[in-house]
There are 2 protein chains.
Amino acid sequence: MSLGRREFLLYGSGFLFQFGGARDNLIVRSDSPADLETPVSLLDTAWITPNNFHFVRTHLPTPRVDSSTFNLAVEGEVNRPLTLTLSDLRAFRETSHVVTLECAGNGRVYSDPPVPGLQWEKGAVGTARWTGVPLRDVLNRAGIKPVGKHVVMNGADVPPGSTPDFVRSIPIAKAMHPDTLLAYRMNGEEIPLEHGYPVRLIVPGWEAAASTKWLVNIRVSENEFDGHFMRNAYRIPNRYVSPGSAVDPADMVPYTAIDVKSIFTSPLDGAAVRTGASVELRGFAWAGEADVTRVDVSVDFGRTWLTAALDADRARYAWRRFRYTWRPSRRGSYVVLSRATDSQGRTQPTLPSWNPAGYVYNVIDKVRINVEG
Amino acid sequence: MSLGRREFLLYGSGFLFQFGGARDNLIVRSDSPADLETPVSLLDTAWITPNNFHFVRTHLPTPRVDSSTFNLAVEGEVNRPLTLTLSDLRAFRETSHVVTLECAGNGRVYSDPPVPGLQWEKGAVGTARWTGVPLRDVLNRAGIKPVGKHVVMNGADVPPGSTPDFVRSIPIAKAMHPDTLLAYRMNGEEIPLEHGYPVRLIVPGWEAAASTKWLVNIRVSENEFDGHFMRNAYRIPNRYVSPGSAVDPADMVPYTAIDVKSIFTSPLDGAAVRTGASVELRGFAWAGEADVTRVDVSVDFGRTWLTAALDADRARYAWRRFRYTWRPSRRGSYVVLSRATDSQGRTQPTLPSWNPAGYVYNVIDKVRINVEG
């Protein structure tokens, strides 16, 4: 089950990227705007997801940005408004973080009752090494006034007609965290257009909608931004709600840091293996701003749990690969479960709660594996 | 939530029994033959289920048995065939056991995909004090020949037309276990007709179909009985099977000792409580031939678990009441879970496996509780 050299050349080196874009590899959930999901079989190929395998989430038509005329404005409640070119930006102290980004709605298809929105299965998640400069350093150069409590992000994407613009804000504390990045490279390359070229905000550990693509405007504000994508979208109930029920907007809060979660990437759901064979149960676990401390798997419908090994590859905001070698001695149709626990003591739930937008789906993962005689 | 004195008089004393039979209290799953399920609200009233609340499972028309002419034959591979009257039977050493009987198909309605058969919810289970004589003492008086390995049980019920007779066998080891009873009293009374008057076999810890009602014939045999109710019914796959799939009869084995399980009896599913109120989460847990060692409950969809208290009432083959006092501080729609563990190290599964007859349903139990503002 391990990755052979040939597969590494194909999948790990970006070779395919030269011959095919993301659409050749990914599941198209929406054609325009582009919303593309990564099959878990492709996630399985590496700890760091190749750019052309990384899921794509877009709200508006993808803009074309000319890097030669690119400007990033920093304005609002600052002492010294800035207009930065790409060269200006690159003159700041450069840093990199390996970050797992997950769409807030990853797993939405499993909502019961169903909810509207892109019907993501498990693959609206991916991990990349993002390189750029700390947003904090740029904000410090502009000088935040004491009234500045939120930072409003706008990309170069422009809404057609009456569609609301994709504008969101993050609280000043997260904006000033040294790990929040203005990124201009993704896995060592210029950021691909669909991933936010030339500059993308990376808010590590938060649901991926916080990581604004094609970023051109940063405005420090006294208040949380009150446009559609803050007021109505990316919000979750502040309590458990009854499946299918309406929720008073007053009971909704922004969805920010992502929860603990794991998914299997191999074998695939419905796989057949032979009795006595050695089967590596393998996947990834992540926990937003927390660390994954353990992953347990079950091969008996959750009666007993077995601790999986975690690969050495790790980074503060990145998923960890887990592996458990299973040697089924008896044929049968198994449902294999994975359950991650994190450094905040959180564990994946046994049953799903429900929310109107299908966010935060992180129930114990499962795949069916048929062990044949 | 505790049982007041008035309720005890109504429910605990058999008062209702004088004015109404089982059909006035129970859910009729089949009218004729009588298959009656106990609402969990009635199970909740006492550790020992009053006779008129105890579930009823019948395969054939209920026979009328005249106790004055009653005979119990003991024959087959024995040295001294016996014909015992009720007086003969009562002359053996009397003993009592409190036994939880559960229908093999309890919970069948939750099978996914659905399976044919009585669509029991949670209440095809009950607990009674059975009094009678050890089957072992009767078999010893008859003298089992060395070839006798199974004991075939037949009741006075007679199948109409081409319906197969309800005849089953148990292995000699279970038949000779000192706790296997020929019972003639149920909770201190003559056994009610629907529960097997005048004599019922009680096979403690095994699914209730082993506990033959209206028992009139005991035949020691070299082989397991090969009639319909052994060959086709009360059998489970010897491996996990894919939901909805057909199973080769060669892969089916008799279902004998019941598994570890718990159910909530209060609050009822969908109950509403007030924020800050004290809510007793209460139910029963049982484990067949094993002891329940703990019950945990969860009020956060199975992320964290809280150990429930177990009532002092206990008996080797009886369920135990569990209780956890919950004070919800925040409104919301909760799914509360219960998970029992037993002395064999078994724990209720997280997800159901599936079998063609819907037996052994023992997934972690759940009820929805709405905490209002």
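Residues numbered from 1 in each chain as written. Chains lettered and ligands numbered in written order. Predicted model: local features only at pLDDT ≥ 70, side-chain atom pairs only at ≥ 80, totals over all residues. Heavy atoms only, no water.

## Quick word on the overall build of chain A
Going by this rule: Counting from the N terminus, the helices are the DSSP runs of H or I reaching at least four residues and the strands are the DSSP runs of E reaching at least two. When we talk radius of gyration, it's over C-alpha atoms, and the globule rule is simply 2.2 Å times the number of residues to the 0.38. In this scheme, a residue with accessible area under 20% of its type's maximum is buried, one over 50% is exposed, and one in between is partly exposed, where area comes from a 1.4 Å probe on protein chains only. We call two residues contacting when some pair of their heavy atoms lies within 4.5 Å. Throughout, the Shrake-Rupley method with a 1.4 Å probe supplies accessible areas, and for residues the shown protein chains are the sole cover considered. This count recognises Lys and Arg as positive and Asp and Glu as negative, with His and chain-terminal groups excluded. Charged groups are reduced to one reference atom each: NZ for lysine, CZ for arginine, CG for aspartic acid, CD for glutamic acid.
Secondary structure summary: chain A contains 8 helices and 23 strands in total. On C-alpha atoms alone, chain A measures out to a radius of gyration of 21 Å, which is about the 21 Å that the 2.2 N^0.38 rule sets for 373 residues. When its C-alpha atoms are laid out on the principal axes, chain A stretches across 70 × 50 × 40 Å. Out of the 373 residues belonging to chain A, those deemed buried represent 58%. Counted over contacts in chain A with a minimum sequence separation of 6, partners at least 24 positions apart contribute 71%. For chain A, the exposed area adds up to about 14900 Å²; of that, 49% sits on carbon and sulfur atoms. Charge-centre separation for chain A: the mean point of 42 positive side chains lies 5 Å from the mean point of 39 negative side chains.

## Considering the sheet that holds strand β4 (residues 82-84) of chain B
Residue and element names in this part refer to chain B. To be explicit about the condition: For two strands to count as paired, DSSP must find a minimum of two bridges between them. What counts as an axis is a line fitted to C-alpha atoms, over the stretch in contact for a helix, and the angles between N-to-C directions run from 0 to 180 degrees.
Strands sit in the order β4-β3-β12-β7-β8 across an open sheet of 5 strands; the sheet is mixed. Both outer strands of the open sheet, β4 and β8 (167-171), are each paired with one neighbouring strand and no more. Along the sheet, successive strands turn relative to each other by an average axial angle of 20°, direction set aside. Taken together, the 6 bridges between strand β7 (residues 150-155) and strand β12 (residues 215-221) define a ladder with antiparallel strand orientation. Each bridged residue has a counterpart across the sheet, and for valine 152 the counterpart in β12 is arginine 219.

## Observations concerning the relation of the copies chain B and chain A
For clarity, the threshold we go by: Least-squares fitting of one copy onto the other uses the C-alpha atoms of those residues that reach a pLDDT of at least 70 in both copies.
Rotating chain B by 180° about the axis while translating it 0.0 Å along that axis superimposes it on chain A, leaving an RMSD of 0.0 Å. Read as a symmetry element, the transformation amounts to a two-fold axis. The rotation axis passes nearest to the C-alpha of B:Thr350 in chain B, at a distance of 3.4 Å. Here 97% of the contact residues of chain B are again contact residues in chain A; the copies associate through an equivalent surface.

## Brief notes about unusual backbone geometry
Cis rather than trans, the peptide bond between A:Ser266 and A:Pro267 has omega equal to -5°. Relative to the assigned elements, A:Pro267 resides in the loop between β15 (261-266) and β16 (271-274). A cis amide bond links B:Tyr197 with the next residue in sequence, B:Pro198, at an omega value of 0°. Assignment of secondary structure puts B:Pro198 in the loop between β10 (189-190) and β11 (200-202). If you check the backbone angles, B:Val360 has positive phi at about 60° while not being a glycine. Take B:Val360: it is sitting in the loop between β22 (332-342) and β23 (365-372).

## Structural notes on helix α6 (residues 135-142) of chain B
Each α-helix winds once per 3.6 residues, and so residues spaced three or four apart point in a common direction. Those residues of α6(B) lying buried are B:Leu135, B:Asp137, B:Val138, B:Leu139 and B:Ala142. Two residues or fewer after α6(B) comes B:Gly143, characterised by a positive phi angle close to 80°.

## Description of the confidence of the model for chain A
Detailed reading of the predicted coordinates is not advisable wherever pLDDT is low. All names here are of chain A. We count it as follows: pLDDT is a per-residue confidence score from the predictor, ranging from 0 to 100.
Averaged over chain A, the pLDDT score is 93; the fraction of residues at 70 or greater is 94%. Segment residues 1-20 is flagged for pLDDT under 50; beyond a separation of four residues in sequence, or across chains, it makes 20 contacts in the model. The ipTM value of the predicted complex is 0.85, and its pTM value is 0.89.

## Brief notes about the pattern of salt bridges
All names here are of chain A. The test is simple: Salt bridges are defined by distance alone: a side-chain nitrogen of Lys or Arg within 4 Å of a carboxyl oxygen of Asp or Glu.
Taken as a whole and judged by the stated rule, the model has 48 salt bridges over all chains. Here arginine 185 ties to glutamate 94 by a salt bridge, and the two come within 3.1 Å at their closest N and O atoms. With a gap of 91 residues between them, arginine 185 in strand β9 (residues 181-186) and glutamate 94 in the loop between α5 (86-90) and β5 (95-102) connect regions that are remote in the sequence. Overall, the relative accessible area of 42% leaves glutamate 94 in the partly exposed class. We note a salt bridge from arginine 168 to glutamate 207, for which the minimum N-O separation is 3.3 Å. Placement of the pair is arginine 168 in strand β8 (residues 167-171) and glutamate 207 in the loop between β11 (200-202) and β12 (215-221), with a sequence separation of 39 residues. A relative accessible area of 6% places arginine 168 in the buried class.

## Section: the packing of aromatic side chains
For clarity, the cut-off: Between 30 and 60 degrees the pair is tilted, below 30 it is stacked and above 60 it is edge-to-face, where a pair is any two Phe, Tyr or Trp rings, Trp via its six-membered ring, whose centres lie within 6.5 Å. Each ring is checked for a lysine NZ or an arginine CZ that lies within 6 Å of its centre and within 35 degrees of its normal; such an atom marks a charge sitting over the ring.
Within this structure, the stated rule accounts for 22 aromatic pairs over all chains. Seen from their ring centres, A:Tyr234 and A:Tyr359 are 5.6 Å apart, and the 10° between their planes marks the pair as stacked. With A:Tyr234 in the loop between α8 (228-231) and β13 (235-237) and A:Tyr359 in the loop between β22 (332-342) and β23 (365-372), this pair connects stretches of sequence that are 125 residues apart. As far as the burial class goes, A:Tyr234 and A:Tyr359 line up, both buried. Ring-pair connections join several aromatic residues into one group, and the members of that group are A:Tyr240, B:Phe301, B:Trp326 and B:Tyr334. We note A:Arg90 situated over the ring of A:Tyr184; from NZ or CZ to the ring centre the distance is 5.3 Å.

## Observations concerning the sheet that holds strand β18 (residues 292-298) of chain B
Residues and elements named next belong to chain B. With mixed pairing, the 5 strands of this open sheet are ordered in space as β16-β23-β22-β18-β19. Each edge of the open sheet carries a strand with a single partner, namely β16 (271-274) and β19 (306-307). With 2 bridges connecting them, β18 and β19 associate as antiparallel partners. When the bridges of β19 are listed, aspartate 296 appears paired with threonine 307.

## Here we look at the interface of chain B and chain A
Quick reminder of the rule: Accessible surface is computed with a 1.4 Å probe, and the buried area is the amount of it that two parts give up when combined, taken over both parts together. As used in this structure description, the phrase polar contact means that two N or O atoms lie within 3.5 Å; if the pair is within protein, one of them must be able to donate a hydrogen and the other to accept it, and residues adjacent in sequence are counted only when both atoms belong to side chains. Residue classes follow a fixed rule: Ala, Val, Leu, Ile, Met, Phe, Trp, Tyr, Cys and Pro count as nonpolar, while Asp, Glu, Lys and Arg count as charged, and any other residue, Gly among them, counts as polar.
Taken together, the 35 residues of chain B in the interface contact 34 residues of chain A. Both faces combined, the contact of chain B with chain A buries some 2700 Å², and carbon together with sulfur accounts for 51% of it. Area buried by chain B at its contact with chain A is led by B:Tyr240, B:Phe301 and B:Arg303, which between them contribute 30% of it. At the surface where chain B touches chain A, the tally comes to 4 salt bridges. Among the salt bridges present, the one from B:Asp251 reaches A:Arg331, with a minimum N-O distance of 2.6 Å. Inspection of the chain B/chain A interface yields 15 residue pairs in polar contact (both at pLDDT 80 or more). Contributing elements (two or more residues each) for the side of chain B that touches chain A: β22 and β23 of chain B. Considering every element that reaches the side of chain B that touches chain A, the biggest residue donor is β22(B), with 5 residues. Of the residues in the side of chain B that touches chain A, the class split is 14 nonpolar, 11 polar and 10 charged.

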